[in-house]
Amino acid sequence: MKKMIKKQLLDNSPLVRSIIEYQEVCWINEGKSELPIAAIKEVNIEEAIKRLQRFAPVIAEWFPETRSDFGLIESPLQKIPLFKQAMEKRENQKFFGNWFVKSDHQLPISGSVKARGGIYEVLKFAEKLALEKELIDQKESYRKLLSPSIKSFFADFTIIVGSTGNLGLSIGIIGRKLGFQVVVHMSKDAKTWKKNKLKEIGATVIEHDADYSVAVEQGRKEAEKDSFCYFIDDENSTHLFEGYATAAYRLKEQLHAKQIIIDENHPLFVYLPCGVGGAPGGISYGLKKIFHEHVHCFFAEPTHSPAMLTRLYTNIKNIAVQDLQLDNQTEADGLAVGKASEFVADHIGSFISGCYTISDHQLFCLQALLFEAEKEYLEPSALAGFYGPLMIKAYTEKENLCEKMSQSTHVFWGTGGMLVPEEIRKKQLDFGKTML
Ligand SMILES: *Cc1c(COP(=O)(O)O)cnc(C)c1O
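Residues numbered from 1 in each chain as written. Predicted model: local features only at pLDDT ≥ 70, side-chain atom pairs only at ≥ 80, totals over all residues. Heavy atoms only, no water.

Chemist: So what's going on with the overall build of the protein chain? Residues and values would help.
Modeler: Check the secondary structure of the protein chain and you find 17 helices and 11 strands. Its C-alpha atoms give the protein chain a radius of gyration of 21 Å, within 12% of the compact-globule value 22 Å for 436 residues. By the burial criterion, 63% of the 436 residues in the protein chain qualify as buried. Summarising the internal contacts of the protein chain: among those between residues at least 6 apart in sequence, 75% fall at separations of at least 24. Summed over its atoms, the accessible surface of the protein chain is roughly 17,500 Å², and 51% of this surface lies on carbon and sulfur atoms. Counting 53 positive and 57 negative side-chain charges, the protein chain places the averaged centre of each group 1 Å from the other. (Helix = DSSP H or I, 4+ residues; strand = E, 2+ residues; numbered from the N terminus. Rg over C-alpha atoms; globule rule 2.2 N^0.38 Å. Buried < 20%, exposed > 50% of the residue type's maximum accessible area, 1.4 Å probe, protein only. Contact = heavy atoms within 4.5 Å. Areas by Shrake-Rupley, 256 points an atom, 1.4 Å probe, with all protein chains shown as cover. Lys, Arg positive; Asp, Glu negative; His and termini not counted. Charge placed at Lys NZ, Arg CZ, Asp CG, Glu CD.)

Chemist: Explain the domain arrangement of the protein chain to me, using residue names and the numbers behind them.
Modeler: Interface size, as often reported, equals the accessible area lost upon joining of the parts. Per the domain assignment, the segments making up the protein chain are domain 1 (2-39 + 68-109 + 239-433) and domain 2 (113-236). Taken over C-alpha atoms, the centre of domain 1 sits 27 Å from the centre of domain 2. Taken together, the contact pairs 38 residues of domain 1 with 30 residues of domain 2. On the domain 1 side of the interface with domain 2, the three residues burying the most area are His239, Leu240 and Asp333, jointly 23% of the side's total. Taken together, the links from domain 1 to domain 2 amount to 6 salt bridges. Across the pair glutamate 379 and lysine 194 runs a salt bridge, and its minimum N-O distance is 3.1 Å. The tally of links from domain 1 across to domain 2 stands at 15 residue pairs in polar contact (both at pLDDT 80 or more). When residues of the side of domain 1 that touches domain 2 are traced back to their parent elements, those giving at least two are helix H10 (238-257), helix H11 (278-291) and helix H13 (342-348). For the side of domain 1 that touches domain 2, the element with the highest residue contribution is H10, accounting for 7 residues. (Domains from an automatic or database assignment. Buried area = accessible area lost by both parts, 1.4 Å probe. Salt bridge = Lys/Arg side-chain N within 4 Å of Asp/Glu carboxyl O. Polar contact = N/O pair within 3.5 Å; in protein donor to acceptor, adjacent residues only side chain to side chain.)

Chemist: Please provide a residue-by-residue account of the sheet that holds strand E5 (residues 181-186), values included.
Modeler: Pairing is parallel across the open sheet formed by 4 strands, whose spatial order is E6-E5-E4-E7. Taken across any chain shown, the strands that pair with only one partner, and hence form the sheet edges, are strand E6 (204-207) and strand E7 (229-232). Each strand axis lies, on average, 20° off the axis of its neighbour in the sheet, ignoring direction. Across 4 bridges, the pairing between strand E4 (residues 158-163) and E7 is parallel. Considered in E7, the bridge of valine 161 is made with isoleucine 232. (Pairing = 2+ DSSP bridges. Axes fitted to C-alpha atoms, helices over the stretch in contact; angles between N-to-C directions.)

Chemist: Please give an account of the environment of phenylalanine 95 that cites residues and values.
Modeler: Note that phenylalanine 95 resides in the loop between helix H4 (81-91) and strand E3 (98-102). Each C-alpha atom of the pair phenylalanine 95 and asparagine 29 lies 23 Å from the other, and the pair is 66 residues apart in sequence. If we ignore the near neighbours within four places in the chain, the residues touching phenylalanine 95 are Lys84, Met87, Glu88, Pro389 and Leu390.

Chemist: Tell me what's going on with the packing of aromatic side chains, and back it up with residues and numbers.
Modeler: Summed over all chains, the structure comprises 19 aromatic pairs. Judged by centre distance (6.0 Å) and plane angle (45°), the rings of phenylalanine 83 and tryptophan 99 are tilted. With a gap of 16 residues between them, phenylalanine 83 in helix H4 and tryptophan 99 in strand E3 connect regions that are remote in the sequence. Here the two residues phenylalanine 83 and tryptophan 99 agree in accessibility, since each one is buried. Pairing phenylalanine 386 with phenylalanine 412 gives two aromatic rings, centres 4.9 Å apart and planes at 15°, and the pair type is stacked. Of this pair, phenylalanine 386 sits in the loop between helix H14 (360-374) and helix H15 (388-391) while phenylalanine 412 sits in strand E11 (residues 409-413); the two residues are 26 residues apart in sequence, bridging distant segments of the chain. Given the relative accessible area of 0%, phenylalanine 386 is considered buried. We classify phenylalanine 412 as buried; its relative accessible area is 0%. Aromatic ring contacts, followed pair by pair, group Phe83, Phe95, Trp99, Tyr271, Phe298, Phe386, Tyr395 and Phe412 into a single cluster. Above the plane of the ring of phenylalanine 63 lies lysine 177, whose end atom (NZ or CZ) is 5.6 Å from the centre. (Phe/Tyr/Trp six-rings, centres within 6.5 Å; stacked < 30°, edge-to-face > 60°. Lys NZ or Arg CZ within 6 Å of the ring centre and 35° of its normal.)

Chemist: Can you tell me about the nonpolar core, naming the residues and giving the values?
Modeler: Within the largest apolar cluster, 103 residues are counted, with the highest numbers of intra-cluster contacts made by Leu145, Phe154, Leu178, Phe180, Leu287, Met308 and Trp413. Mapped onto the domain boundaries, this core takes at least three residues apiece from domain 1 (2-39 + 68-109 + 239-433) and domain 2 (113-236). Ignoring any residue separated from it by four or fewer positions in sequence, one finds phenylalanine 154 in contact with Ala126, Leu129, Ala130, Leu145, Leu178, Gly179 and Phe180. (Core = buried A, V, L, I, M, F, W, Y, C linked by side-chain atoms within 4.5 Å.)

Chemist: Can you tell me about unusual backbone geometry, naming the residues and giving the values?
Modeler: Positive phi is not limited to glycine here, since asparagine 315 has a value of about 55°. Along the chain, the position of asparagine 315 falls in the loop between helix H12 (307-314) and H13. Classification of asparagine 315 as exposed rests on a relative accessible area of 59%. Even without being glycine, lysine 375 reaches a positive phi, approximately 60°. Tracing the sequence through the fold places lysine 375 in the loop between H14 and H15. What makes lysine 375 exposed here is its relative accessible area of 58%.

Written out as structure tokens, the structure is:
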């Protein structure tokens, strides 16, 4: 069966041949329609924003680093002109527009984009339990959640999740803080320091000698056995998606504050590293709701794990990169996913502009280049987006955007890095520098 999939696809497509050879490719979404986003299944972002507001006083109390944003978990939007210059020099070509990094590698609490979706879903679950038990009231301050009695109430419940690392970390940190038991099923790509950090805070880590899809499956099975277990389903969760989508509204405010205009003549390009698809999917969904056809969202994946690209290009449900005999081996642990979320593919297939792939070699080059230019450290996964302007030429021509490029804005989503230990950073950067 699997051999057949490969053969059929090869017969029909030069792009698949390149994917199978682990070459860097860019797939443009020919089926993109500019349907009003409301025509796509509704996701309630306004509710999510209000929910995060209700929890803000509690978050501010527990995590002092969020106090400057009054308990909101937010990251800055930073201009990166020196990186742009460095790229121009490296590629010997001119790039247009304003370049920014959306610094989710600095997100408070867990230092990755998962602090948006993961923490949000745990809060939503905690709120539901506490409201049902009448321990809190939506009209009163949620500071009641700080009391030890509520913590011991939550201790009867177990939150289970499958993760390549960062999602587990986000859920572990907030889950334990609230008092929940937390069990994280880790794929074999997960880095040791991420597992250790979780064990330190009292989460249970179950290590699988298998990839992400297996880790998720095991977690799902375990949760089914017990009604006091709550499974956070990275492959199917609307809650995670809502949490991620709120980022779009924050980005809108940040662009506005910098007097950056996005309209017909000022296109916005956003480049998002993609694993299973939840984070880039939720963010893009929110962005489309706000900026409509003026925003162009690209998903970036490792050449060894192009799960979403393969899913959207072939339009075969549940296809995995292993079906094309790819090995799903990458140093970009956050993106080491063989099979994209069907839920996300369904929500975003009609409007994303495209997907491209990047080699691990380039991830390390870009990591060193960005660090040298801007003194920003991001983990390897988070560099995938920074390749975008190199990959979208055909797209800008096809969409007649060339003349508008000098007035364009480019946002690279910096998805993780803050918690990476110093000795690992140094090793990676030294390695990348040798390749510049
Ligand atoms: C999880 C993750 C992503 C991608 O998010 P998905 O929801 O899996 O698509 C990107 N970068 C980093 C660092 C991550 O941890």
